[in-house]
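Geometric and topological summary
Okay, here's what each chain looks like letter by letter:
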Amino acid sequence: MSGKGSLFSRLMWRMSIVLAISAAGLITAAWFYARAAADEAYDRLLLGSAFQMTESLTVRDGELQFELPASAFELLGLAESDRIFYRVIAPGGKTLTGYTDLDTGADIDASRKQPRFADGSYKGEDIRTVTIARALSLPQGVGWANVIVAQTVESRRALASELTVRATVLVAVMSLLALGGAALAVRYSLAPVARLGEALSRREPQDLTPLDVSVPAELSPFVSSINHFITRLSERMQLMQRYIADSAHQIRTPLTALNAQVSLIDEDQLPPEGRRHLERVRRRAAELARFTNQLLNHAMVIHRFDSVHLTPVALNDVARKAFRAAIPITVDPDLVVSFEASEEALYVTGDELSLREAIVNIIDNALRHGASARLDVKVWRDGDFGVVEVSDDGAGIPEAEWSNVLKRFHSSQSDGAASGLGFAIAAEVAGALKGGLRFRTKSETAPFAIQIALPLSSAPIEKGDAS
Amino acid sequence: MRLSASLATLALWFTTLGPAGALEGAREIFPAPGPEAGRLVIHAATDLDAMRPLIEDFQQMAPGVTIEFVEYVTNDLFRQAQEACTGAVESGDILLSSSVDQLVRLANDGCAQPHRSTETLTVPSWANWRNEIFGFTFEPVVFVYDRRSVPPEDVPRSHEALADLLRRKPDAYRGRIGTYDIEASGVGYLLAFHDSRQAPTTYGRLIESLSRSDTVTRCCNSEVLGETAAGNVRIAYNVLGSYAYAAARANPALAIVVPQDYALVLSRGAMIPNNAPRPQIGKEFLNYLLSPRGRRVARERAFFFDEGEPLPEGVDGPESLMESGIGRPIRIGPALLAAQDAIQRSHFIADWKRLIPRR
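Note that the structure is predicted; figures quoted are calculated from it, not measured.

From N to C terminus, chain B includes 14 helices and 15 strands. A total of 359 residues make up chain B; the buried ones form 51% of that total.

What follows covers the overall build of chain A. Scanning chain A for helices and strands turns up nine helices and 14 strands. For chain A, the proportion of its 467 residues judged to be buried stands at 27%. Contacts spanning at least 24 positions in sequence make up 67% of the contacts within chain A whose residues lie at least 6 apart.

Contacts between chain B and chain A engage 15 residues on the former and 17 residues on the latter. Elements with a minimum of two residues in the side of chain B that touches chain A: helix 13 (336-340) and helix 14 (342-355) of chain B. If you tally residues by element for the side of chain B that touches chain A, the top one is helix 14 of chain B, at four residues. Split into classes, the residues belonging to the side of chain B that touches chain A amount to six nonpolar, five polar and four charged.

Residues and elements named next belong to chain A. Across the sheet, which stays open at both edges, the five strands sit in the order 4-3-7-6-5 with antiparallel pairing between neighbours. Across the chains shown, the open sheet's two edge strands, defined by having one partner strand only, are strand 4 (95-98) and strand 5 (116-122). Taken over all neighbouring pairs, the strand axes of this sheet differ in orientation by 25 degrees on average, direction set aside. Bridge analysis of strand 3 (residues 84-89) against strand 4 gives three bridges, and the strand direction is antiparallel. Directly across from Ile89, in strand 4, lies its bridge partner Thr95.

Glancing now at the sheet that holds strand 13 (residues 269-271) of chain B. All names here are of chain B. Here we have seven strands laid out as an open sheet, ordered 1-3-2-4-13-6-5, and mixed in their pairing. One side of each edge strand has no neighbouring strand; the edge strands of this open sheet are strand 1 (27-30) and strand 5 (128-129). For strand 1 and strand 3 (residues 65-71), the ladder comprises four bridges, and the chain directions are antiparallel. Within the sheet, the bridge partner assigned to Ile29 lies in strand 3 and is Glu68.

Bringing the packing of helix 2 (residues 48-61) of chain B against helix 12 (residues 292-302) of chain B into the picture now. All names here are of chain B. Helix 12 packs onto helix 2 with a crossing angle of 145 degrees between their chain directions and a minimal axis gap of 9 Å. Handedness of the helix 2/helix 12 crossing: right-handed. Judged by residue contacts, Ala50, Met51, Pro53, Leu54 and Asp57 of helix 2 engage Gly294, Val297, Ala298, Arg301 and Ala302 from helix 12. Partitioning the contact of helix 2 with helix 12 into residue classes produces seven nonpolar, one polar and two charged.

As a further point, take the packing of helix 5 (residues 159-168) of chain B against helix 8 (residues 200-212) of chain B. Residues and elements named next belong to chain B. Running from N to C, helix 5 and helix 8 cross one another at 35 degrees; their axes reach a closest spacing of 9 Å. Helix 5 and helix 8 meet at a crossing whose hand is left-handed. Of helix 8, the residues touching helix 5 (which contributes His159, Glu160, Leu162, Ala163, Leu166 and Arg167) are Thr202, Arg205, Leu206, Ser209, Leu210 and Arg212. Split into classes, the residues belonging to the contact of helix 5 with helix 8 amount to five nonpolar, three polar and four charged.

Our focus in this paragraph is the environment of Leu11 of chain A. Residue and element names in this part refer to chain A. Along the chain, Leu11 falls in helix 1 (residues 7-55). Its 17 C-beta neighbours within 10 Å are what place Leu11 among the partly exposed residues. Through-space distance from the C-alpha of Leu11 to that of Arg187 is 9.9 Å; in sequence the pair is 176 residues apart.

The next thing to look at is unusual backbone geometry. At Lys123 of chain A, a position not held by glycine, the phi torsion is positive, near 50 degrees. Given 16 C-beta atoms within a 10 Å radius, Lys123 of chain A is considered partly exposed.

Turning our attention to the confidence of the model for chain A. The predicted model of chain A averages 84 in pLDDT, with 94% of residues at 70 or higher. Scored below 50 in pLDDT, residues 463-467 of chain A makes zero contacts in the model with residues more than four places away or belonging to other chains.

Moving on, we come to the pairing of strand 7 (residues 141-152) of chain A. All names here are of chain A. Of the strand pairs in this sheet, strand 3 and strand 7 are connected by six bridges, and their pairing is antiparallel. Along strand 7, the bridge assignment pairs Arg87 with Ile148. The pairing of strand 6 (residues 125-138) with strand 7 spans twelve bridges and is antiparallel. Counted as the bridge partner of Arg128 is Gln151 from strand 7.

Our next topic: the nonpolar core. Counting 142 residues, the largest nonpolar core has Ile133, Val144 and Ala244 of chain B as the members making the most contacts within it. For this core, the element with the most residues is helix 1 of chain A, which contributes eight residues. Each residue touching Ile133 of chain B, except ones within four places of it in the same chain, is listed here: Val100, Leu103, Val104, Ala107, Ala112, Gly269, Met271 and Ile332 of chain B. Core analysis: the second largest hydrophobic core is formed by 49 residues, Phe305, Val313, Ile362 and Val429 of chain A among them.

Looking now at helix 8 of chain B. Residues and elements named next belong to chain B. Relative to the 18 Å expected for 13 residues at 1.5 Å per residue, helix 8 spans 18 Å between its end C-alpha atoms, a close match to the ideal helical length. Residues of helix 8 that are buried include every one of Leu206, Ser209 and Leu210, and no others. Viewed along the axis of helix 8, the buried residues span an arc of 100 degrees, placing them on a single side of the element. Seen from the buried face of helix 8, the exposed residues on the opposite side, beyond 90 degrees, are Pro200, Thr201 and Gly204. Those residues of helix 8 that are buried lie in contact with helix 5 and strand 8 (177-180). Immediately downstream of helix 8, the backbone of Asp214 shows phi near 50 degrees, a positive value.

Moving on, we get to the pairing of strand 14 (residues 448-455) of chain A. All names here are of chain A. Most of strand 14 is tucked away, with seven of its eight residues classed as buried. Relative to strand 14, strand 12 (residues 385-392) is paired through eight bridges, and the arrangement is antiparallel. Each residue of the ladder has a partner; that of Val390, found in strand 14, is Ile450.

So, how was this worked out
- Residues numbered from 1 in each chain as written.
- Chains lettered and ligands numbered in written order.
- Predicted model: local features only at pLDDT ≥ 70, side-chain atom pairs only at ≥ 80, totals over all residues.
- Helix = DSSP H or I, 4+ residues; strand = E, 2+ residues; numbered from the N terminus.
- Buried ≥ 20, exposed ≤ 12 C-beta atoms within 10 Å, placed from the backbone.
- Contact = placed C-beta atoms within 7 Å.
- Nonpolar A, V, L, I, M, F, W, Y, C, P; charged D, E, K, R; others polar.
- Pairing = 2+ DSSP bridges.
- Axes fitted to C-alpha atoms, helices over the stretch in contact; angles between N-to-C directions.
- Left-handed = near helix turned anticlockwise from the far one by under 90°.
- pLDDT = per-residue confidence, 0-100.
- Core = buried A, V, L, I, M, F, W, Y, C linked by C-beta atoms within 7 Å.
- Expected span 1.5 Å × (residues − 1).
- Arc of directions from axis to C-beta.

Right, dumping it as structure tokens:
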């Protein structure tokens, strides 16, 4: 799509040039042919009438006699618009009759072997002449008489130009047809390129599987290059994720040890200053543990979407499991939590584990940063979407922050106790399942809420007694 | 006898044709009815008397045009036009001639200019060559006889019948048959030439019969008709229908027969010379001649015969001249060049004169 124009127009442009050149060549050839054909046709008339005239040359009583046959002129009169000149020359060069100044310019004796045609001009008109000779036996010996017949060239030119015009029309029509056919053929041949482009642009951003498009042989190096590139990129990504997961895993073990060690410290023996430091260490360690878990979860979610086949999932079940997993036993007894499943069974296409992780993350975030006295989880249907809504009575997230919280390692809180990956995981899962994460602002009647909306699918086909 | 005939002819000219058409080579001016805006010079080998109604009607349409009409015999017209073609003498704006072979020769030599208009499109193809020569009349070639001296059973209705009659009654018609002098008259030569082509055998017998009956030859139609009207000639052979009809109207003793075996049909030719000083007016006049209005005037007052119309009243002949195949138009085209060939012409005329000396 750069300044080089489209392949189609490049091909058509070159094709038009080739066609135009060949059409010009054909028309030129047709013109030559038409002239030759017209000359041939009218030369026969000319020759025929010249023969008739020579036949009328007779020797009677030793005298050369000539009687001009009207049929000779009738023959020439078939070229309706042409003027006719003739000259009959007796042996010895004396003009017997006709236009005495009619001359072909060539040696008249050259016509003895065969009739000679020539182009010339007479009385200011272009003419075609034929010179023909006949041997006559006169008392003084054998002599050659000549007949020159000339005709103006109007009919020839009219015929030649008519033939040329017709040929031109034919060539023009053929060229246009060829151009139209070429346009269709080029379009058809270029269709795989468009298909390839479409297949590339239709891809999900995280889809790093090789392209599976059938393309003509000329395009397959291109496709295999792309696929090679995709494979390398995919390997690189996997390597990075494994690195992150491994790192997180590696960090977890010393972290657990650190937590254990911290819990072993006897607080009572510490001065108040030391106790405060210890508390800080404990909090930071817990945060680090959670963060490490999230990293692992994130890696797990991404990995699952790369490898797991999506199936219909009962939204109520997933949400309930997530609810149970997210609310710790040690939850503040003053906090009222509730779960409300939808009345009808809602199914979405997805991966149960990832979806649960997403919901857990949202509930976890609400517990940690939002809810002070109340947290509700609700599953309901919104048109073609199934919605899992987590609402709390906290301050909520200001609208300006909505897009930011979805980014990794961003915290809505300024105190540094950031979740980092919670919303990012939820948003990623929702996006992968063709749904989305939505926010609802706090109002007089409704609390702040975060919703995961996912497109509904049909219920799974019952497979025997397995549910 | 010759003197009296000539006197009679002169008398006839002055009485029936009026003074202006009296002499060939004569010139008559038709002043413009309105203020003069243009001038048209017509060089014609055509009777002024026939052309007069057409000229006057044309001046009704174009009142600003003064028309100068110069009359020639066909051969003089031809020579004059050949000289005009080279620029030696002043050309007319339009040439009219019954001797169309001469016009064809002139056009073939490049002495004509083409003309195309809606009127020229209506001209049948046999009467148009290269859009340079147009036949503007339709004139069957007829026999004229004197009712006073030719009994009904003797009236020849074909060329064959004429030859037979002369053979059967040589004495009754000796010196009483008239026709053109084909040496002096271009149209006479043209008609005789075509007769010889059209029916060679009949023509041979006829010419032989004409020879034996001491045929009278005159330069032109009007003189032959004059001799007939005067009672000197009983049967006139090869007379143009228009002149014959005009003469028959003037003299009820004359009767016209269109031969039933074949009748040559001549179309008088019109041509705009290449050197015409005022070709535009010439072309306007030509358009007028070919237009329905011009044709109607020609049919009613000038030439009487018309291709699409039945024969005029009182003419003895076939009902439909063209459809029956009896009418043989003399095609205006290059074949007429054969008639104009010098050696051809001199041989033909020499043969003719050997049989029919001028008397």
